[in-house]
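Inside the fold
One letter stands for each residue in the lines below.
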Amino acid sequence: MNTDITYRLLTNNDKAQYRILRLECLQQYPDNFGVLYQEEIAAPTLKFDTYLERNTTDSFLYGAFDNDTLIGMCGFIHETRIKKQHRGTISNMYVRKEYKGNGIGTTLLRQTIQHAFSNESIEIIELGVVHDNNNAIELYKRLGFTQ
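These remarks concern the structure in this document.

Membership of the largest hydrophobic core comes to 22 residues, with the highest contact counts inside it found for Ile104, Leu108, Leu109 and Ile125. Of all the elements in the fold, those that place two or more residues in this core are β2 (60–66), β3 (69–78), β4 (87–95), α4 (104–117) and α5 (134–142). Examining the composition of this core, we find that five residues originate from one element, α4, more than from any other. Look past the residues within four positions of leucine 109 in its chain and what remains in contact with it is Cys74, Ile90, Met93, Leu139, Tyr140, Leu143 and Phe145. Core analysis: the next-biggest nonpolar cluster, separate from the first, contains 16 residues, Tyr18, Phe33, Met73 and Tyr94 among them.

Written out as structure tokens, the structure is:
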């Protein structure tokens, strides 16, 4: 494993790797996500495909790369409804099993939060987590999220 992990926003060129990683996380941790692997593998497009195609900065997917291989991701979706445009949601947080414990998830989440708050309209970032996903809960608490 390379210790020189790089982080950047994903683009349309990363869609194939995003799909692989998204399906992997659903297959390995089915209880931690709100959609089933069987639903996602049959879908012609995934949740973040449109944002990647449009290269949006309001809603985006941050990636962690070992060389050119996507090994982690963390997404942000900016709320579009007028009364909620000051909010956004963290989504699709995942780091490959063999890379866990190296601070990659923490860095991904921090960079996602930083980029989200670079949009002056964002005041609140929300997220959902399965009640027994203790590693994720601890990470979110360390970074200031509250229940």
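Turning our attention to the side chain of glutamate 24. Here glutamate 24 is to be found in helix α1 (residues 15–28). Among the polar contacts listed, one links the side chain of glutamate 24 to the side chain of tyrosine 94, at a separation of 2.7 Å. Here arginine 96 takes part through its side chain, which lies 2.8 Å from a polar atom of the side chain of glutamate 24. Leaving out residues up to four positions away in the same chain, glutamate 24 has contacts with Tyr94 and Arg96.

On to the pairing of β3. Consecutive side chains of a regular strand alternate in pointing toward one face of the sheet and then the other. Judged by how many residues are buried, β3 sits mostly within the fold: nine of 10 residues are covered. Direction of pairing for β2 relative to β3: antiparallel, over a ladder of seven bridges. Within β3, the residue paired with leucine 61 across the bridge is glycine 75. Turn length for the β2-β3 hairpin, with the two strands adjacent in sequence and antiparallel, is two residues, and the turn residue asparagine 67 shows positive phi of about 60°. Pairing between β3 and β4: six bridges, direction antiparallel. Counted as the bridge partner of isoleucine 77 is threonine 89 from β4.

What counts and what doesn't
- Residues numbered from 1 in each chain as written.
- Predicted model: local features only at pLDDT ≥ 70, side-chain atom pairs only at ≥ 80, totals over all residues.
- Heavy atoms only, no water.
- Core = buried A, V, L, I, M, F, W, Y, C linked by side-chain atoms within 4.5 Å.
- Buried < 20%, exposed > 50% of the residue type's maximum accessible area, 1.4 Å probe, protein only.
- Helix = DSSP H or I, 4+ residues; strand = E, 2+ residues; numbered from the N terminus.
- Contact = heavy atoms within 4.5 Å.
- Polar contact = N/O pair within 3.5 Å; in protein donor to acceptor, adjacent residues only side chain to side chain.
- Pairing = 2+ DSSP bridges.

From the geometry alone we can't say anything about function, so treat these as descriptive.
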